[in-house]
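An overview of the molecular structure
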Amino acid sequence: MSVTDSITSLTATADKLAVVETLYRYAAGLDLRDRALLASAFTHDAVADFGPATAKAGQAYPPVEGGETIAAALAESLAALDTTHSVSNPRVSLDGDTARLEAIVACQHLPRGDHSRHVLMTNRYDVELVRGDEVWLIRRVTVDNAWTEGDTSVLAGI
C-alpha cells in the first residue's frame, strides 16, 4: 500500500468514526436531557421521521423539521421518561462530504416516577449526514422498529 493509499484509508476511517460519533452525540443528548447536545447533532434544516417506529408502538409521531425543532420536540416528548439509547452495528458509507449511516439503537424507556414499568424498543436507524465545519451533522434520520418488549403504554402521550 502506498503512502497516499494509507493516508486516504486513515482519512476514511476517521470520517467513519466521526459519522458514528454524531449518532452517539444524539443518543447522549437524549439520555442526559441535554437539548444543546442533542441539537448539535442536526443541520438547521434536518428532518427526523420516527413514524415507522412509533406506529408499531401504537403512537403517531409525524416527521419533524429543523434541528432546533427536532431537539425541542424530542425533549418535550421524552420529558416524563428516563431513557437509555445504545448504538450498535454501525455501517457507514462515505461519498465526499455526505455519508449514510445504518445502525441499530436499543432504546429503553421508563416512566420517571415508576421504574417498575418499561418498554425496550430496538430500532433500525437510517441516517443521512453532511460534513459540517468541524463535525458531521444529521440531515435526515428515519427510525423503524425491529422489535419491542415491555409495556408500550409507557410511550402514551409522546
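Details of the structure are given in the entry above.
Residues numbered from 1 in each chain as written. Predicted model: local features only at pLDDT ≥ 70, side-chain atom pairs only at ≥ 80, totals over all residues. Heavy atoms only, no water.

Summing up its helical and strand segments, the chain has four helices and six strands in all. Secondary structure elements of the chain, listed N to C terminal, follow the sequence α-α-β-α-β-α-β-β-β-β. The C-alpha atoms of the chain give a radius of gyration of 16 Å, which matches the 15 Å a tight globule of 158 residues would have. C-alpha atoms of the chain, sized along the principal axes, occupy 60 × 30 × 25 Å. (Helix = DSSP H or I, 4+ residues; strand = E, 2+ residues; numbered from the N terminus. Rg over C-alpha atoms; globule rule 2.2 N^0.38 Å.)

Moving on, we get to the sheet that holds strand 4 (residues 98-111). Strand order in the open sheet formed by six strands is 2-1-6-5-4-3, and the pairing between neighbours is mixed. At either margin of the open sheet sits one strand with a lone partner, and together these are strand 2 (64-65) and strand 3 (81-95). Inspection of the sheet shows strand 3 paired to strand 4 by 13 bridges, in the antiparallel sense. Looking across to strand 4, one finds that D82 is bridged to L110. The strands that helix 4 (residues 67-77) touches are strand 1 (42-49) and strand 2; relative to strand 1, the one it contacts most, it runs at about 50°. (Pairing = 2+ DSSP bridges. Contact = heavy atoms within 4.5 Å. Axes fitted to C-alpha atoms, helices over the stretch in contact; angles between N-to-C directions.)

With that settled, consider the side chain of H109. Along the polypeptide, H109 turns up in strand 4. Here the side chain of H109 touches C107 through a polar contact of 3.2 Å, landing on its backbone oxygen. Filtering out sequence-adjacent residues up to four positions away, H109 remains in contact with L78, L81, D82, T83, H85, R117, H118, V119, M121, V154 and L155. (Polar contact = N/O pair within 3.5 Å; in protein donor to acceptor, adjacent residues only side chain to side chain.)

For the structure shown, the criterion picks out 10 salt bridges. Between D82 and R33 there is a salt bridge, with the nearest N and O atoms lying 2.8 Å from each other. In this pair, D82 sits in strand 3 while R33 sits in the loop between helix 1 (3-31) and helix 2 (35-39), placing the two residues 49 residues apart along the sequence. Among the residues examined, R33 registers a relative accessible area of 41% and is labelled partly exposed. Where D151 meets R117, a salt bridge forms, and the shortest distance between an N and an O atom there is 3.0 Å. (Salt bridge = Lys/Arg side-chain N within 4 Å of Asp/Glu carboxyl O. Buried < 20%, exposed > 50% of the residue type's maximum accessible area, 1.4 Å probe, protein only.)

Another aspect to go through is helix 4. Looking at helix 4, one finds that the buried residues are G67, I70, A71, L74 and S77. Angular distribution of buried residues about the axis of helix 4 spans 140°; they occupy a single face of the element. Looking at helix 4, the residues exposed on the side facing more than 90 degrees away from the buried face are E68 and E76. (Arc of directions from axis to C-beta.)

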